[in-house]
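# Structural characterization, general
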Amino acid sequence: MRNVVKIPLIFILLILIYFLFTTGSSDTDQHQINETKNQVAQEAIKQYNIVKRNGPGIEASLHAGFVAEAFLQIGDKENYARWTKIKEQEERDAKNANVNLP
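Overview of the structure. Because the structure is predicted, anything quoted here is derived from the model rather than measured.

What follows concerns the overall build of the chain. Counting its regular elements, the chain contains three helices and zero strands. Ordering the α and β elements of the chain from the N terminus gives α-α-α. Once local pairs closer than 6 in sequence are excluded, the contacts in the chain between residues at least 24 apart make up 48%.

As a further point, take the side chain of Ser61. Topologically, Ser61 is positioned in helix α2 (residues 58–74). The class for Ser61 is buried, based on a relative accessible area of 2%. When near neighbours in sequence (up to four residues on either side) are disregarded, Ser61 contacts Lys87, Glu90 and Glu91.

For the rest of this paragraph, the subject is helix α3 (residues 77–96). For α3, with 20 residues, the first-to-last C-alpha span of 29 Å sits near the 28 Å given by 1.5 Å per residue. Three or more residues of α3 are buried, namely Trp83, Glu90 and Ala94. One face of α3 carries all of its buried residues, which in axial projection span an arc of 35 degrees. Residues of α3 that are exposed and angled more than 90 degrees away from the buried face: Lys77, Glu78, Lys85, Lys95 and Asn96. Structurally, the start of α3 carries an N-cap: the backbone nitrogen of Glu78 is 3.4 Å from a side-chain oxygen of Asp76.

Calculation rules
Residues numbered from 1 in each chain as written. Predicted model: local features only at pLDDT ≥ 70, side-chain atom pairs only at ≥ 80, totals over all residues. Heavy atoms only, no water. Helix = DSSP H or I, 4+ residues; strand = E, 2+ residues; numbered from the N terminus. Contact = heavy atoms within 4.5 Å. Buried < 20%, exposed > 50% of the residue type's maximum accessible area, 1.4 Å probe, protein only. Expected span 1.5 Å × (residues − 1). Arc of directions from axis to C-beta. Polar contact = N/O pair within 3.5 Å; in protein donor to acceptor, adjacent residues only side chain to side chain.

Set out below in structure tokens:
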């Protein structure tokens, strides 16, 4: 009779240990996902800066839009708004430089 009681207790203990370790890892996973998204946004900024060095134009505007979208995906409202304004300024600069915009 004792073995019959031990088996369910061991099974329940194993389930509790499993849930203990798996619920804690979701915070770590979410942190890693956020870090990856931030890295994507930082890479987009680097690409914008490379394009911007070549002067004003539609490409700078497009890349500023990519940066804004990266921040939108992260949920960073402040940087999204900031980069949307940069994109709009790049569009104006391109128009002033007589670049045909679509």
